Amino acid sequence: MRSLSTRRHRKLYRLIVVILLCLLLAIGAAIGYLYVSKKWIFAPQTSPTSQQTIEKQKEAEQSLENKSKDTYLHQTNGVDNPGVEVPIASTSDSIRILPEQSGQSVIIRTQLFEYPSGTCSLSIENGSKTYRSEADILYQSEYSTCQGFSVPLSELGSGRWTISIKATPVGGLSNINTTSFEVK
Amino acid sequence: MKKILIFATITALVVSFVAPVSQANATITADMWRAERIIDDVVFTNASAMTVGEIDTFLKKLLPTCDRWGVKTVNSSGLTRAQYALDTYGVRTPFTCLTDYYEIPKTAPSTTLPINNYGKYNTDGSPYVPAGAISVAQMIYNAGQKYQISPQALIIKLATESPGPLTRDDWPMPSQYYYAMGAHCPDDGPGGAANCRVEWSGFSLQMDEAANLLRGYLDNMDQSWWPYKRVGPGVDFVKKDANGVALKDLCSSRVGFQNSNCIGWNVPASCGGTVINIQSKATAALYTYTPYQPNQAALLNMYGTGDACSAYGNRNFWRVWNDWFGSTVATYTPITPEWMQVSSSAQKMNPQTGSATSDAPLATGSEILLTSKITTSNGTFYRTQYDTNYNLNKAILAQNMKLKDFVNLSSPMWIRLKYDSHKQYPYTGYNIDNKIPAGTELKVTSKIDVGGSLSYRTEYDTNANLLKAVPSVFVEEIAYQPFQEPRWMRVVKDTAYYDPFSKTYGSTVLKGQDFKLSSKVDFSGKAYSRTSELTSSGSMFAIPAADLAEIPYVITYNSPIRVTLTTDVKKISPTKDIEWPGTLLAGSNVSVSETITVNGITYVRSSYDAAYKLDKAFPINSVRSGDYLLMTESRKMKTTVDVYKVNPKTGQKFEIIKAGSVLYFVAKYSTTTDTYLRTEYDNLYNLDKAIPISSLVNV
């Protein structure tokens, strides 16, 4: 004959099993829903994002950074300052003048090479009339430019004009380049 | 065994949830990259994004330790860093990391390096700071403020441009600080290497110049003469060399022309590039500063390296920003839910493009609950609760919304707090100011109804135009309330009319006056009763309730007197002017003992009603005691002479009353010549005997 305590234990055991089964069913249903709706871990991935891949990439990047540092420092070893002085600009290819007639203005774009800072002087003349303007130099890694040469057509007139740009770097000598442009 | 099985099952379930969660954290992937929109303007130019302290804390978080003495080993050599640095770079310890670095700012280009504290420490181990030197955090902050560039942008530029990079390097060499931001470092060195210009050396000048260049690019890219990257699809420029020879377009097969927004993958032209329809000025500025975009190989290896044509500057800027600071795109931020009103006819818009959505226009004056906002280059926009909940990208331009105005009350009102309360900002419902205890009385002069909630604003706050009010659900109006039963009451002491709201006095009210009162108010702990006349006229004056009392019934006759009704009457409540049902017929006999005089009219109450304290009486002039009229009150009088009691109708004489006798008289009989008073005794027995009033005096 089973004892009272044995019967009680059996009842408790059955209760726990039932609760666990219910829990499993609920979790299964939730996972099923997530799978069907492609959410959470079932969301599609378009590129490798596992933590291991990222860690490997980071190691590669770090290695590259270390190498870059080492290269940089090797290059500058023994040098007080690894920079180079701004090369002296030469007239022929240091100033490029790119005029364009647009609407009621003649826009004069410029490309300045080896002019990290300074000023530009614009002169436009046709023999009888001269237009002048000044602008600062704006630096960019590929080429600098003169800021702000947009000449109203009312200041000019139709015909051929000679455009001169004088670029004066800070602490350096000026250079001048000239081009001609037909205003229509 | 069973227990183990159960435990293992539970453990497995728990682990199965935990493991995937750790993998579900968001990482930056190639499909998230938008070449046309690296970062939004409002994010890039948020100069107040970090304080100096926050920048310093952040840098220390990136670089928590510094291998100052180079004790760690350099992998490849087996040497310590100290030995390696000395042997290879000629640099001695101590090294100075970014978080310990100070420099006297260099403010103009020159070939001289600025004075700094590299390698110098105090005896207590703290970094030595030369006079006038400032920290890296301060330099970043100053540059951000000066040029209105986000310090976060400058930190990331530092992280992506400096050798090391300095933000991560725990054993940097001095020269790594010289060109830390890559400013004035064109890629015209051998093999496209950066070739920094010595005049722009120095950490402080690099930081300042980098911010200066970025600001210059932002401010000038709308100009007609602008030759670099710009917002939009770009414009075609002539592409020729110095001799006028047409050059090939980097991004297409054209010759002699190239789009301004053609951005290469890397320095070698052979890598090619694409034209980008740039969507923000900040993105265009970044491409102008670092004129390369990441190719597919660089994007697919987001945290690593790509191929020979991969450039990483702008990719890393975007990726590192996302990793450190979150999205580079202006996002909606939640706000305390606030009710606002459409101030001018408006439509919901796409904040990024500035174009209107297809939603119906919002009517002017309509109230809307707003729960998030976003700031883009098109302005600040507020999003409705519905659109926020469903994450719809449409919002209302802030300038089309306003806070609803308070409305002045037609006349001031007094309110009393029913509960401990706070004034609230009515647009959010948030409490402000200190608690106001229940029972507090406030004078309010304006109100506001926001989102269906009515609130009242005090006179003080109205005059000061403060946006705070008390919700109406917390208050009750202090106003005269009508009596359920208007009643007559008597003034018990000399007093005066009083307006408790304006605290002003009116005319005098004398003791003994009777008033019919029909409304009352409790104010500042006192009650005030208002007469019917003043109630009808709307006057705010009343009589202090403490100066009023109920008009009492008075035992007038020492013994009940039997009287006869001379007419049909209804009993009434003399003080309330209420008629009781039922009619007493003329000729009915009633025993009365009490009277009440209200506003000069005397009423008698039957002995029965008096015994049960019933508020019922009838006019004294509707009863007679035999042929005699009851007096309104018994009178104690004294005979002045010896006088006969007589029958006033016939003149018959009865017993003689000696002079000086004191008698109580309750009824009277008037003839054409005299008035006769009958004693209480004779009245009780209805004896037709009375004494001429001319023989009597009051006692």
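Residues numbered from 1 in each chain as written. Chains lettered and ligands numbered in written order. Predicted model: local features only at pLDDT ≥ 70, side-chain atom pairs only at ≥ 80, totals over all residues. Heavy atoms only, no water.

1. With respect to the overall build of chain B
- Within chain B one finds 15 helices and 40 strands.
- Counting only residues that meet the buried cut, chain B has 48% of its 699 residues in that class.
- A fraction of 59% describes how many contacts in chain B between residues 6 or more apart in sequence connect residues 24 or more apart. (Helix = DSSP H or I, 4+ residues; strand = E, 2+ residues; numbered from the N terminus. Buried < 20%, exposed > 50% of the residue type's maximum accessible area, 1.4 Å probe, protein only. Contact = heavy atoms within 4.5 Å.)

2. A few points about the overall build of chain A
- Each helix and strand counted, chain A has 3 helices and 8 strands in total.
- Ordered by position from N to C terminus, the α and β elements of chain A give α-α-α-β-β-β-β-β-β-β-β.
- Across the 184 residues that make up chain A, the buried fraction comes to 33%.
- For chain A, contacts bridging at least 24 residues in sequence account for 54% of all contacts bridging at least 6.
- Of the roughly 11,300 Å² of accessible surface on chain A, a fraction of 55% belongs to carbon and sulfur atoms. (Areas by Shrake-Rupley, 256 points an atom, 1.4 Å probe, with all protein chains shown as cover.)

3. Structural notes on the pairing of strand E4 (residues 130-138) of chain A
Residue and element names in this part refer to chain A.
- Sheet topology places strand E3 (residues 118-125) next to E4; 7 bridges connect them, and they run antiparallel. Counted as the bridge partner of threonine 119 is aspartate 136 from E4.
- When E4 meets strand E5 (residues 145-146), the two strands line up antiparallel, connected through 2 bridges. Among the inter-strand pairings, leucine 138 is bridged to a residue of E5, identified as threonine 145.
- Hairpin connection, E4 to E5: the antiparallel pair is bridged by 6 residues. (Pairing = 2+ DSSP bridges.)

4. Details of the sheet that holds strand E39 (residues 691-692) of chain B
Residues and elements named next belong to chain B.
- Taken in spatial order, the 5 strands line up as E39-E38-E37-E34-E40 in an open sheet, and their pairing is antiparallel. Only two strands of the sheet have a single neighbouring strand rather than two, namely E39 and strand E40 (696-698).
- Across 2 bridges, the pairing between strand E38 (residues 675-679) and E39 is antiparallel. Counterpart to tyrosine 676 in the pairing with E39 is proline 692.

5. Some remarks on the interface of chain A and chain B
- Contact residues are listed per partner, giving 56 residues for chain A and 68 residues for chain B.
- Inspection of the chain A/chain B interface yields 5 salt bridges.
- The residue Arg315(B) makes a salt bridge to Glu61(A) at a minimum N-O spacing of 3.4 Å.
- Counting the contacts that link chain A with chain B gives 19 residue pairs in polar contact (both at pLDDT 80 or more).
- Listed by contribution, the elements that provide at least two residues to the side of chain A that touches chain B are helix H1 (4-36), helix H2 (51-76), helix H3 (91-94), strand E2 (105-112) and E5 of chain A.
- Per-element tally for the side of chain A that touches chain B: the top contributor is H2(A), with 14 residues.
- Taken together, the residues of the side of chain A that touches chain B sort by class into 23 nonpolar, 21 polar and 12 charged. (Salt bridge = Lys/Arg side-chain N within 4 Å of Asp/Glu carboxyl O. Polar contact = N/O pair within 3.5 Å; in protein donor to acceptor, adjacent residues only side chain to side chain. Nonpolar A, V, L, I, M, F, W, Y, C, P; charged D, E, K, R; others polar.)

6. Overview of the sheet that holds strand E24 (residues 543-544) of chain B
Residue and element names in this part refer to chain B.
- Read from one edge of the open sheet, 5 strands run E24-E23-E22-E19-E25, paired in antiparallel fashion. Both outer strands of the open sheet, E24 and strand E25 (548-550), are each paired with one neighbouring strand and no more.
- As defined by bridge partners, strand E22 (residues 514-523) adjoins strand E23 (residues 526-531) across 6 bridges and the pair is classed as antiparallel. Bridged to serine 519 within E23 is arginine 530.

7. Details of the pattern of salt bridges
Residues and elements named next belong to chain B.
- Applying the stated criterion across every chain yields a total of 42 salt bridges over all chains.
- Aspartate 56 serves as the salt-bridge partner of lysine 60, at 2.6 Å between the closest nitrogen and oxygen. Remark: aspartate 56 and lysine 60 occur in helix H3 (residues 52-62); sequence separation between them is 4 residues, near one turn of the helix.
- Since its relative accessible area comes to 22%, aspartate 56 is described here as partly exposed.
- The shortest N-O distance in the salt bridge between aspartate 461 and lysine 423 comes to 2.8 Å. Of this pair, aspartate 461 sits in helix H12 (residues 459-463) while lysine 423 sits in strand E13 (residues 421-425), placing them 38 residues apart in sequence.

8. As for a nonpolar patch on the surface
- Among the surface-exposed residues, Leu12(A), Leu15(A), Ile16(A) and Ile19(A) lie close enough to one another that they form a single nonpolar patch of about 350 Å² accessible area.
- With respect to the element layout, Leu15(A) can be found in helix H1. (Patch = residues over 30% accessible without salt bridge, like charges linked within 9 Å, V, L, I, M, F, W, Y side chains within 5 Å.)

9. A look at the state of the cysteines
Residues and elements named next belong to chain B.
- A full pass over the atoms with the stated rule returns 5 disulfides over all chains.
- With a sulfur-sulfur separation of 2.0 Å, cysteine 66 is cross-linked through a disulfide to cysteine 97. Across the S-S bond linking cysteine 66 and cysteine 97, the dihedral sits near 85°, which makes this disulfide right-handed. Taken together, the residues cysteine 66 in the loop between H3 and helix H4 (81-89) and cysteine 97 in the loop between H4 and strand E1 (102-103) connect sequence positions 31 residues apart.
- Relative accessible area serves as the criterion here: at 25%, cysteine 66 is assigned to the partly exposed category.
- Here cysteine 251 is linked by a disulfide to cysteine 262, with a sulfur-sulfur distance of 1.9 Å. (Disulfide = S-S within 2.5 Å.)

10. Brief notes about the environment of Glu485(B)
Residue and element names in this part refer to chain B.
- If you trace the backbone, glutamate 485 turns up in strand E19 (residues 481-491).
- For glutamate 485, a relative accessible area of 38% corresponds to the partly exposed category.
- Separated by 93 residues in sequence, glutamate 485 and isoleucine 578 place their C-alpha atoms 9.2 Å apart.
- Residues in contact with glutamate 485, not counting those within four places in the same chain, are Lys576 and Ile578.
- Within the structure, glutamate 485 has its side chain in polar contact with the side chain of lysine 576 (distance 3.3 Å).

11. Focus: the packing of aromatic side chains
All names here are of chain B.
- Considering all chains together, one arrives at 32 aromatic pairs over all chains under this definition.
- Between tyrosine 425 and tyrosine 427 the ring centres are 5.0 Å apart and the planes differ by 65°, which places this aromatic pair in the edge-to-face class.
- Its relative accessible area of 22% is what places tyrosine 425 among the partly exposed residues.
- On the basis of relative accessibility, which here comes to 1%, the residue tyrosine 427 falls in the buried class. (Phe/Tyr/Trp six-rings, centres within 6.5 Å; stacked < 30°, edge-to-face > 60°.)

12. Let's talk about the confidence of the model for chain B
Residues and elements named next belong to chain B.
- Overall, the prediction assigns chain B a mean pLDDT of 91, with 95% of residues at 70 or greater.
- Low confidence marks residues 11-25, where pLDDT is under 50. Its contacts with residues over four positions away, or in another chain, come to 9 contacts.
- The ipTM for the predicted assembly is 0.73, set against a pTM of 0.65. (pLDDT = per-residue confidence, 0-100.)

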